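# Structural features, examined
Chain residues, written in single-letter form:
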Amino acid sequence: METDQIDVYWNFVLERHRTYVRRTENRPLIDDLTQPVWTHDDVLRRNKFTNVFRVLDYGSQFLLGSLLTPDVEPEDLVMRAFLYRYQNRPEPWVAYYLEYREYPTREDLLSGRLAAFWTKYSAEGNPIFGNAYKMFSGAENKGMTRLEWVMSLTRWLSDETDLPAHIIKARSLTERIQLLQQIPRCAGFMSMQIATDLGYTDALATDENETVVAGPGALRGLKVAFGTSKDSVRLISEVRDWFADRESHGVWIETPNFALRRPSLMDIQNTFCEFGKYDRYVREQTPESTKVFIAKHATPGEPLLPTHW
C-alpha cells in the first residue's frame, strides 16, 4: 500500500475533511474580517475541491433536501436523480418550483412542460448546466442543443421501455448501474452517480460499499498515488479498508442512528478524483500566487443524511 505519494494523499483527505468541519462549526484558523482562513494548506485555500464524503457536497444536499424527499413517488425519484446529474445545477429546478410551486414530476417531463420551461429559462440567459462532468452527446446527436439532447435521453424513462419499473424493483447497486447503462451515453461512471443518489432514499436504498466504478479523474488520481490505475476497484477497496484500520481521526460523519460512518467506496473514488487535481495544482502553483477560493454557498450547517444510514 505504501508509496511515495500515499502519505500526501492521506494528508490531503484528512485536511480537506477538517476544513469542512471547521466551516460547519464556524471555527476559522484565522479570521481577518475579510475572508476567514479554514486551512493552512495553500492549495486547498486557493482551489475548489469536493468534500471527502460525497453526500456533503452542495448538489447532493440539494437532491436530498429538495428533489429526493420521502413524499416523492419512486418514478419521480428516478427521473429527478437522472436529470439532475446530467445538469448538476440547482437553479433551474428552483426556478421551476417558483413558477409552479412544485418541483417537476415525471408527468411534467413526458408532457413537455419541463422542456418548454427550461428552454424559455435558458433563452433568457440563465445557465441550465453545471460543469461537474464532461459529457459528449455523440455524432448521432449532431445539431441538437445540449438541453435537447438531455431531454431526448429521458424518453427512456417513459413506461414504454419498462426501464423505470426495473430500476425501482432493483435491490442492489450493481443491478441498478447495469440497468441505467441501457440508456445511450449513460456509461458506467454516470450510471453509478445516479444509482448512488437513488440509494440515498429510503424507498430505493442500496449499499455504497457494494461496488464502485472509477471515473477518469479517479483513474488519474490513482496513478499519481500508486503509479498505476489498473485494477482500480481493488485499489479503491484496499484504501477504504485502510481508512478503517488507520487512526483516521476526524474522517467520519455521524449518521442519523449515531453511528460513525467512514468513507465508502464511492467516497474514496471521489477523493482520488480530487487528489489528481490537488497534485496538478501543487505542481502548477507559484510563490507569487495570491488566488484564494471563495465558496459560493454559505457556511454549511447540519447536513442532511440518508435516514437509513
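Our structure is the block above this text.
Because the structure is a prediction, the values reported are computed rather than measured.

## Some remarks on the packing of helix α12 (residues 216-226) against helix α13 (residues 232-245)
Running from N to C, α12 and α13 cross one another at 70 degrees; their axes reach a closest spacing of 11 Å. Taken together, the axis directions place α12 and α13 in an arrangement best described as roughly perpendicular. The handedness of the crossing between α12 and α13 comes out as left-handed. Of α13, the residues touching α12 (which contributes L219, L222 and F226) are S232, L235, I236 and V239. In terms of residue class, the contact of α12 with α13 is made up of 6 nonpolar, 1 polar and no charged.

## Digging into helix α5 (residues 91-100)
All buried positions along α5 are accounted for by P92, W93, A95 and Y96. Considered in projection along α5, the buried side chains sweep an arc of 160 degrees and stay on one side of the axis. A positive backbone phi angle near 65 degrees is found at R101, which sits one or two residues after α5.

## Examining unusual backbone geometry
With phi around 65 degrees, R101 is a residue other than glycine that occupies positive phi space. Along the polypeptide, R101 turns up in the loop between α5 and α6 (106-111). A relative accessible area of 55% places R101 in the exposed class. Of note, F258 is a non-glycine position whose phi angle comes to about 70 degrees, a positive value.

## Description of the packing of aromatic side chains
All told, the structure shown has 25 aromatic pairs when counted by the stated rule. With a centroid separation of 4.6 Å and 40 degrees between ring planes, the pair formed by Y96 and Y100 is classed as tilted. In this pair, Y96 and Y100 both sit in helix α5, 4 residues apart, roughly one turn of the helix. Its relative accessible area of 0% is what places Y96 among the buried residues. The exposure class assigned to Y100 is partly exposed, which follows from its relative accessible area of 29%. Aromatic rings pair up to connect Y9, W10, F12, F49, F226, W242, F243, F272, F275, Y278 and Y281 into one cluster. One Lys or Arg, R261, reaches over the ring of W309 and ends 3.5 Å from the middle of that ring.

## Let's talk about the state of the cysteines
In protein chemistry, a disulfide is the covalent bond that joins the sulfur atoms of two cysteines. Summed over the entire model, instances satisfying the criterion amount to 0 disulfides. Take C273: it sits in no disulfide, and the sulfur closest to it among the cysteines is that of C186, at 17 Å.

## Things to note about the pattern of salt bridges
All told, the structure shown has 16 salt bridges when counted by the stated rule. Residue E25 pairs with R27 through a salt bridge whose shortest N-O separation is 2.5 Å. For E25, a relative accessible area of 46% corresponds to the partly exposed category. The partner of R283 in a salt bridge is D279, with the nearest N and O atoms 3.0 Å apart. A residue pair is termed a helical-turn pair when its members lie 3 or 4 positions apart in one helix, as R283 and D279 do in helix α14 (residues 265-284) at 4 residues. Through salt bridges with shared partners, a single ionic network connects R54, R85 and D197.

## As for the side chain of D279
Note on D279: relative accessible area 13%, which makes it buried. Residues in contact with D279, not counting those within four places in the same chain, are Q5 and V224.

Conventions we followed
- Residues numbered from 1 in each chain as written.
- Predicted model: local features only at pLDDT ≥ 70, side-chain atom pairs only at ≥ 80, totals over all residues.
- Heavy atoms only, no water.
- Axes fitted to C-alpha atoms, helices over the stretch in contact; angles between N-to-C directions.
- Helix = DSSP H or I, 4+ residues; strand = E, 2+ residues; numbered from the N terminus.
- Parallel < 35°, antiparallel > 145°, perpendicular 65-115°, else oblique.
- Left-handed = near helix turned anticlockwise from the far one by under 90°.
- Contact = heavy atoms within 4.5 Å.
- Nonpolar A, V, L, I, M, F, W, Y, C, P; charged D, E, K, R; others polar.
- Buried < 20%, exposed > 50% of the residue type's maximum accessible area, 1.4 Å probe, protein only.
- Arc of directions from axis to C-beta.
- Phe/Tyr/Trp six-rings, centres within 6.5 Å; stacked < 30°, edge-to-face > 60°.
- Lys NZ or Arg CZ within 6 Å of the ring centre and 35° of its normal.
- Disulfide = S-S within 2.5 Å.
- Salt bridge = Lys/Arg side-chain N within 4 Å of Asp/Glu carboxyl O.

Just distances and angles here, no functional claims.
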